[in-house]
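Structural description and commentary
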Amino acid sequence: MSVDPRVSIHPDSSVLMAAIAARLITKLVDVQDKFGEATVVLTGGTVGIGTLKAVADSPAAPAVDWSKVNFWWGDERFLPGGDPDRNTTQAFEALLSHIPVDPERIHAPGSADEFGGPEEAADDYARRLREAAAAEHAADMSDDRPEEPAALPRLDVVLLGVGPDAHIASLFPEQAGVREKERTVVGVRNSPKPPPLRVSLTLPAINTASEVWMVVAGEDKAGAVGLALAGANPVQVPAAGPRGTSRTLWLIDENAASRVPQQLVRKDAAGA
């Protein structure tokens, strides 16, 4: 069952990214202690990529067994592989090329030189998620294992940035992607933010995660953050839609927090 979001406010973006990195390292260690491996869904953007660099720079990073971390992405720009604007390219530069990852655990969405359109790449990504879920199901020897595998593997942490228009991943206000109820992944053809072609997880997929962390910095995001935390309709304000099954965290800087409802600030600004 999803829970109400909690808000943790940090003085500026550099402090914020270091704090998210420390929190992520701790979370991955805890999950690995419990399950033997951990799964994180990465995001792009200034805060998302800056956080990955902060993880790489952290003296605590070796505490994580990076060979047993599964990496997925919440969305990707449908561009050729290796394009500098792809979230996966930036993630490799910031973190993945600096840690001992298992290449088979890195699940990048398909690129424009692999597929003819974003819909094909989305179908492929959904298939790979199903396969990972099936493998996880087969390895689960617990008494409460469900009879059938889910459409998604266990997602321990989903990181999401927020745009000034309140978009998350590549789910934009009023567009088909944010209205999707059934599919786990969609192709996007009319993104108002370049490039227009993208691949994105849907809200139903995101909301299977144990924890969703909304990571946001900047005064230009304050309106979107305020609307989302005030309980706006996700069709108009996609950032209002994500809810982790055990925890939803808004990890933001003071500039992004200027329009956060005061009752949330008083209750949760100190963190955890």
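Residues numbered from 1 in each chain as written. Predicted model: local features only at pLDDT ≥ 70, side-chain atom pairs only at ≥ 80, totals over all residues. Heavy atoms only, no water.

Strands sit in the order 1-9-8-5-2-3 across an open sheet of six strands; the sheet is parallel. A strand with exactly one partner marks an edge of an open sheet, and here the two such strands are strand 1 (6-10) and strand 3 (69-73). Between one strand and the next, the sheet's axes are offset by a mean angle of 20°, whatever the strand orientation. Of the pairings in the sheet, the one linking strand 8 (residues 211-216) to strand 9 (residues 247-253) comprises six bridges and is parallel in character. Considered in strand 9, the bridge of Met-214 is made with Trp-250. Sheet contacts for helix 7 (residues 222-229): strand 1, strand 8 and strand 9; angle to strand 9, the most-contacted strand, approximately 155°. (Pairing = 2+ DSSP bridges. Helix = DSSP H or I, 4+ residues; strand = E, 2+ residues; numbered from the N terminus. Axes fitted to C-alpha atoms, helices over the stretch in contact; angles between N-to-C directions. Contact = heavy atoms within 4.5 Å.)

To continue, consider the pairing of strand 3. Each regular strand carries side chains that alternate between the two faces of the sheet. Counted residue by residue, strand 3 has five buried out of five residues, so it is predominantly covered. Of the two faces of strand 3, the one holding Val-69, Phe-71 and Trp-73 and the one holding Asn-70 and Trp-72 are both buried throughout. Relative to strand 3, strand 2 (residues 38-42) is paired through five bridges, and the arrangement is parallel. What sits directly across from Val-41, in strand 3, is Trp-72. Taken together, strand 2, helix 2 (residues 45-57) and strand 3 constitute a β-α-β crossover, and its handedness is right-handed. (Buried < 20%, exposed > 50% of the residue type's maximum accessible area, 1.4 Å probe, protein only. Right-handed = clockwise from strand over helix to strand, strands pointing away.)

Moving on, we come to the side chain of Gln-175. Examined against the element boundaries, Gln-175 turns out to sit in the loop between strand 5 (157-160) and helix 5 (176-179). Of the residues examined, Gln-175 reaches a relative accessible area of 17% and is grouped as buried. Ignoring sequence-local partners within four residues, the contact set of Gln-175 consists of Val-188, Asn-190 and Pro-192.

It is worth spelling out the pattern of salt bridges at this point. Scanning the model with the defined rule gives 13 salt bridges in all. Here Asp-124 and Arg-128 are joined by a salt bridge, their closest N and O atoms 3.0 Å apart. Residue Asp-124 and its partner Arg-128 are both found in helix 4 (residues 118-139); the two are separated by four residues, about one turn of the helix. Classification of Asp-124 as buried rests on a relative accessible area of 14%. Looking at Arg-128, the relative accessible area reads 19%, which means it is buried. The salt bridge involving Glu-131 is made with Arg-127; its shortest N-O contact spans 2.8 Å. (Salt bridge = Lys/Arg side-chain N within 4 Å of Asp/Glu carboxyl O.)

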